[in-house]
Amino acid sequence: MIKVAIVIGSTRPGRKAETVARWVYEIAIAAKRNDAEFELVDIQDYNLPLLDEPVPPSMDRYSKAHTKAWSEKIGSFDAFVFVTPEYNHGIPGALKNAIDFLYKEWNNKAAGFVSYGSAGGARSVEQLRLVMAELQVADVRAQVMLSLRADFEKFTAFKPMPHQEAAVNTMLGQVIAWGAALKPLRNQKKPEA
Ligand SMILES: Cc1cc2nc3c(=O)[nH]c(=O)nc-3n(C[C@H](O)[C@H](O)[C@H](O)COP(=O)(O)O)c2cc1C
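Quick summary incoming for the structure in this document. (Residues numbered from 1 in each chain as written. Predicted model: local features only at pLDDT ≥ 70, side-chain atom pairs only at ≥ 80, totals over all residues. Heavy atoms only, no water.)

Relative to the helices and strands, Ala28 is located in helix α1 (residues 17–30). Since its relative accessible area comes to 1%, Ala28 is described here as buried. For Ala28 and Ala133, which are 105 residues apart along the polypeptide, the C-alpha to C-alpha distance reads 25 Å. With near-sequence residues (within four places) excluded, Ala28 lies in contact with Phe38 and Leu172. (Helix = DSSP H or I, 4+ residues; strand = E, 2+ residues; numbered from the N terminus. Buried < 20%, exposed > 50% of the residue type's maximum accessible area, 1.4 Å probe, protein only. Contact = heavy atoms within 4.5 Å.)

So, in structure tokens, the structure goes:
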């Protein structure tokens, strides 16, 4: 049994991210998998300021209570599904900031992506994949790309096209497989530098 976090990647008031993440969560639960459990993680709940740790996270010397709480939460998972919009062809600053706060908590884990935007949020996820590489996260190929035009009625109400549910399940299957396969590396005391 591996633990998968579904990370809500926008903190914007009126965000679509929460609705999309809850949809992913419901699909994950409905599949009744016996190899994974799922939890919604809202970065907004951790009140992270702009990175305010004096020492780089890879040195593992956290000083702030909010960093320690965020570390404990992210460290408890084996894999992640990032739900992200596209802001100016990239990932939201709030999501990048939350990722930057930590290091070892991401290492040797798996990640998949659910994105949305006029081009399905594809450009945002391409950026996120580069960030994942630096954090030693194995990012899966399958990707869920939601179109603001086709999957949101009048660009507002979330009405995903029927094929998107299967796309979520395919992505989850890959995330769970890689999250489980990397377990021996996570069990080592220290990841390869
Ligand atoms: C600062 C900002 C920049 C945006 N830039 C893009 C963009 O480059 N490409 C795109 O497809 N949508 C862009 N959008 C539209 C967002 O995809 C849309 O507003 C979406 O609902 C944002 O996600 P959220 O509601 O979860 O915050 C942008 C929105 C904001 C607020």
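Examined against the element boundaries, Ser71 turns out to sit in helix α2 (residues 65–75). On the basis of relative accessibility, which here comes to 11%, the residue Ser71 falls in the buried class. Each residue touching Ser71, except ones within four places of it in the same chain, is listed here: Tyr62, Leu102, Lys104 and Glu105.

Further remarks concern the sheet that holds strand β2 (residues 36–42). Paired through their backbone hydrogen bonds, the strands of a sheet run either parallel or antiparallel. Strand order in the open sheet formed by five strands is β2-β1-β3-β4-β5, with parallel pairing between adjacent strands. If you trace the sheet from one side to the other, it starts and ends with β2 and β5 (137–147), each paired once. The mean angle between the axes of side-by-side strands here comes to 20°, regardless of whether they run parallel or antiparallel. The pairing of strand β4 (residues 109–117) with β5 spans eight bridges and is classified as parallel. Bridge pairing in β5 links Ala110 to Ala138. Relative to β5, helix α5 (residues 163–181) is tilted by about 170°, and along the sheet it contacts β1 (2–8), β2, β3 (79–85), β4 and β5. (Pairing = 2+ DSSP bridges. Axes fitted to C-alpha atoms, helices over the stretch in contact; angles between N-to-C directions.)

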